[in-house]
Amino acid sequence: MEEYQSALNVQEGIEQPVSVNPYFKRKKATRRALDVDDFVRGILSHDRVILSQAITLVESTNPEHFEKAQAVIEQCLPHSGNSVRVGITGVPGVGKSTFIESFGLHLTGLGHKVAVLAIDPSSERSKGSILGDKTRMEYLSADPNAFIRPTPSGLTLGGVARKTRETTILCEAAGFDVILIETVGVGQSETIVKSMVDFFLLLMLAGAGDDLQGIKRGIMEMADALVINKADGDNLGKATAAKAQYKSALKLFPPNANGWEPIADICSAINNDGIDNVWNIICQFVNLTKSNGCFLKQRDEQLVTTFHDWVDFTIKNNFYSNNAVKNKISELIQSVKDKKISPYQAGTQLIKSIYQK
Ligand code: GDP
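Before going into details, it helps to say that this report is about the structure given with it. (Residues numbered from 1 in each chain as written. Predicted model: local features only at pLDDT ≥ 70, side-chain atom pairs only at ≥ 80, totals over all residues. Heavy atoms only, no water.)

**Things to note about the overall build of the protein**
Phase 1 of the analysis: When its secondary structure is counted, the protein shows 14 helices and seven strands.
Phase 2 of the analysis: For the protein, the proportion of its 357 residues judged to be buried stands at 43%.
Phase 3 of the analysis: Sequence separation of 24 or more characterises 75% of the internal contacts of the protein that already satisfy a separation of 6 or more. (Helix = DSSP H or I, 4+ residues; strand = E, 2+ residues; numbered from the N terminus. Buried < 20%, exposed > 50% of the residue type's maximum accessible area, 1.4 Å probe, protein only. Contact = heavy atoms within 4.5 Å.)

Here's what the structure looks like:
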């Protein structure tokens, strides 16, 4: 019978040599784990790879990494603080990443070193991230004077905030003098970001009502500048009109204790228009608040907030990681479910059982 011709038939060919060198023995990974001094030395010599590794250490939920991370942070602290910390918020779609790309490149062009961090509450709920997409900020991420770090995943919002504070310290010690902290303008996360930045920038859209943008009055009140993005093409007129409206709206808010009058402005992130002006506004703010002492006063107040957060976190962490507590909790939860005891009594019993021994 004639042989069936098909591309699926195996045709005899020339024997190929093995593609892997048979004499090659896989070398065991011999890289020594970095110790605290290695991390600190690396960070202080502006080594970005070590900075990234140190941030990973800080973000780790492994208890073994915790003390090491704290030691690194403690040694970096005296070298931190020499930056302008800017919070940037706005609803999804307002143009935050486009703005940060354009703004970041403007800053590196002026000789600054820019770190971009993000606090994204969506990554806690859905494990997906609105802000963490790596494809964003294509040009800025390739800029050697910029460093972009997405939100750490798998943490509560409070956890993310704590890590972002610590990451800020590491970035500053590594020579970054502008820290941009991005968040989605939809709720709680703005208050957290406000508590860790010097200047708070709210990006808005013209034409969409405030309600539509989901921007709460409280967030507008926190803003040091309110910038209407996408002021280009047909939208330019609307944006200019919105600027005038916001300008008068901002006047209705009580004056800031630091003497700064929040500014309304427009920009087009995509066209790079008005981006330089946003930096000028921030510089004016920094000059004013540094000369009247409010810059450092605000930082001092933020240290107090950090202190309280840390005490809160440590108490909770110690309490819930205690085995006696864990056992007692599961026992009490069962009793609550079986309606043997009210949740109030159960809570009180738990605390008493631990603290009144
Ligand atoms: P984010 O969700 O706030 O980070 O917003 P993006 O930066 O992803 O931008 C959302 C959309 O708006 C994208 O399609 C951008 O190209 C567009 N966009 C951003 N900035 C501008 C701008 O200044 N003008 C115009 N016309 N479009 C913009």
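**Overview of the packing of helix H12 (residues 294–321) against helix H13 (residues 323–337)**
Phase 1 of the analysis: In contact at an axis separation of 5 Å, H12 and H13 are set at 70 degrees when each is read in the N-to-C sense. With respect to each other, H12 and H13 are oriented roughly perpendicular. Residues Phe319, Tyr320 and Ser321 of H12 pack against Asn323, Val325, Lys326 and Ile329 of H13. (Axes fitted to C-alpha atoms, helices over the stretch in contact; angles between N-to-C directions. Parallel < 35°, antiparallel > 145°, perpendicular 65-115°, else oblique.)

**Description of the pattern of salt bridges**
Phase 1 of the analysis: Enumeration over the complete set of coordinates arrives at 10 salt bridges.
Phase 2 of the analysis: Lys194 serves as the salt-bridge partner of Asp224, at 3.9 Å between the closest nitrogen and oxygen. Here Asp224 is found in the loop between helix H9 (217–222) and strand E6 (225–229), whereas its partner Lys194 is found in helix H8 (residues 189–194), with 30 residues between them in sequence.
Phase 3 of the analysis: What makes Lys194 partly exposed here is its relative accessible area of 24%.
Phase 4 of the analysis: Ionic pairing is found between Glu301 and Lys297, a salt bridge with its closest N-O pair at 4.0 Å. (Salt bridge = Lys/Arg side-chain N within 4 Å of Asp/Glu carboxyl O.)

**Some details on the pairing of strand E7 (residues 263–266)**
Phase 1 of the analysis: Of the strand pairs in this sheet, E6 and E7 are connected by four bridges, and their pairing is parallel. Directly across from Leu226, in E7, lies its bridge partner Ala264.
Phase 2 of the analysis: This β-α-β element, E6 to helix H10 (residues 235–251) to E7, shows right-handed connectivity. (Pairing = 2+ DSSP bridges. Right-handed = clockwise from strand over helix to strand, strands pointing away.)

**Topic: the sheet that holds strand E2 (residues 114–119)**
Phase 1 of the analysis: Spatial strand order, E3-E2-E4-E1-E5-E6-E7: seven strands in an open sheet with parallel pairing. A strand with exactly one partner marks an edge of an open sheet, and here the two such strands are strand E3 (146–149) and E7. Between one strand axis and the next, the sheet turns through 20 degrees on average, direction left out of account.

**Focus on the site of the ligand**
Phase 1 of the analysis: In the vicinity of the ligand there are 15 residues, among which Gly93, Lys96, Ser97, Thr98 and Asp232 approach most closely.
Phase 2 of the analysis: A distance of 3.4 Å is found between an oxygen atom of the ligand and a side-chain nitrogen or oxygen belonging to Ser268.
Phase 3 of the analysis: The fraction of the free accessible surface of the ligand (580 Å²) that becomes covered by protein chains is 68%.
Phase 4 of the analysis: The greatest single-element share of the shell around the ligand, amounting to three residues, is contributed by helix H4 (residues 96–109).
Phase 5 of the analysis: Along the lines of polarity and charge, the residues of the shell around the ligand split into five nonpolar, six polar and four charged. (Near = heavy atom within 4 Å. Polar contact = N/O pair within 3.5 Å; in protein donor to acceptor, adjacent residues only side chain to side chain. Areas by Shrake-Rupley, 256 points an atom, 1.4 Å probe, with all protein chains shown as cover. Nonpolar A, V, L, I, M, F, W, Y, C, P; charged D, E, K, R; others polar.)

**Points about the packing of aromatic side chains**
Phase 1 of the analysis: Overall, the coordinates contain 11 aromatic pairs when judged by the stated rule.
Phase 2 of the analysis: Relative to Phe313, the ring of Trp310 has its centre 5.2 Å away and its plane inclined at 45 degrees; by these criteria the two rings are tilted. Taken together, the residues span about one helical turn, with Trp310 and Phe313 both in helix H12 at a distance of three residues.
Phase 3 of the analysis: Take Trp310: its relative accessible area is 28%, and that puts it in the partly exposed class.
Phase 4 of the analysis: Looking at Arg162, its charged tip hangs above the ring of Phe313, at a distance of 3.5 Å from the centre.
Phase 5 of the analysis: A cation over a ring is seen here: Lys290 above Phe295, with NZ or CZ 4.8 Å from the ring centre. (Phe/Tyr/Trp six-rings, centres within 6.5 Å; stacked < 30°, edge-to-face > 60°. Lys NZ or Arg CZ within 6 Å of the ring centre and 35° of its normal.)

**Examining the nonpolar core**
Generally speaking, soluble globular proteins have nonpolar side chains that are buried together.
Phase 1 of the analysis: With 52 residues, the main nonpolar core has Ile43, Val72, Leu170, Cys171 and Ile228 as its most contacted residues.
Phase 2 of the analysis: In terms of nonpolar packing, the next biggest core, distinct from the first, is built from 32 residues, Val84, Phe199, Val227 and Ile281 among them. (Core = buried A, V, L, I, M, F, W, Y, C linked by side-chain atoms within 4.5 Å.)

**Describing the pairing of strand E1 (residues 84–90)**
Phase 1 of the analysis: The buried count for E1 comes to seven of seven residues, which makes it a mostly enclosed element.
Phase 2 of the analysis: Alternating positions in E1 separate into two faces, Val84, Val86, Ile88 and Gly90 on one and Arg85, Gly87 and Thr89 on the other, with burial throughout.
Phase 3 of the analysis: Across seven bridges, E1 lies against strand E4 (residues 178–184) in parallel orientation. Following the sheet pairing, Gly87 is matched in E4 by Ile181.
Phase 4 of the analysis: As defined by bridge partners, E1 adjoins strand E5 (residues 199–205) across four bridges and the pair is classed as parallel.

**Section: a nonpolar patch on the surface**
Phase 1 of the analysis: A cluster of nonpolar residues, Phe307, Val311 and Ile315, forms a patch on the protein surface that exposes about 280 Å² of accessible area.
Phase 2 of the analysis: Along the chain, the position of Phe307 falls in helix H12. (Patch = residues over 30% accessible without salt bridge, like charges linked within 9 Å, V, L, I, M, F, W, Y side chains within 5 Å.)

**Re the environment of Pro262**
Phase 1 of the analysis: In this fold, Pro262 is placed in the loop between H10 and E7.
Phase 2 of the analysis: Taking the C-alpha atoms as reference, Pro262 lies 6.9 Å from Ala223; in sequence the two are 39 residues apart.
Phase 3 of the analysis: Excluding residues within four positions of it along the chain, Pro262 makes contact with Ala223, Asp224, Leu250 and Asn256.

**What about H13?**
Phase 1 of the analysis: Between its first and last C-alpha, H13 extends 21 Å over 15 residues, near the 21 Å set by a 1.5 Å rise per residue.
Phase 2 of the analysis: For H13, every residue scored as buried is listed here: Val325, Lys328, Leu332 and Ser335. Down the axis, H13 shows its buried residues gathered within 90 degrees of arc, on one side only. Opposite its buried face, H13 presents the exposed residues Asn323, Asn327 and Lys337, each directed more than 90 degrees away.
Phase 3 of the analysis: Against the buried residues of H13 lie H12 and helix H14 (343–355).
Phase 4 of the analysis: The N-cap of H13, judged by a side-chain oxygen 2.7 Å from the amide nitrogen of Ala324 a few residues on, is Asn322.
Phase 5 of the analysis: Taken from the residues just after H13, Lys339 is the one with a positive phi, measuring 60 degrees. (Expected span 1.5 Å × (residues − 1). Arc of directions from axis to C-beta.)

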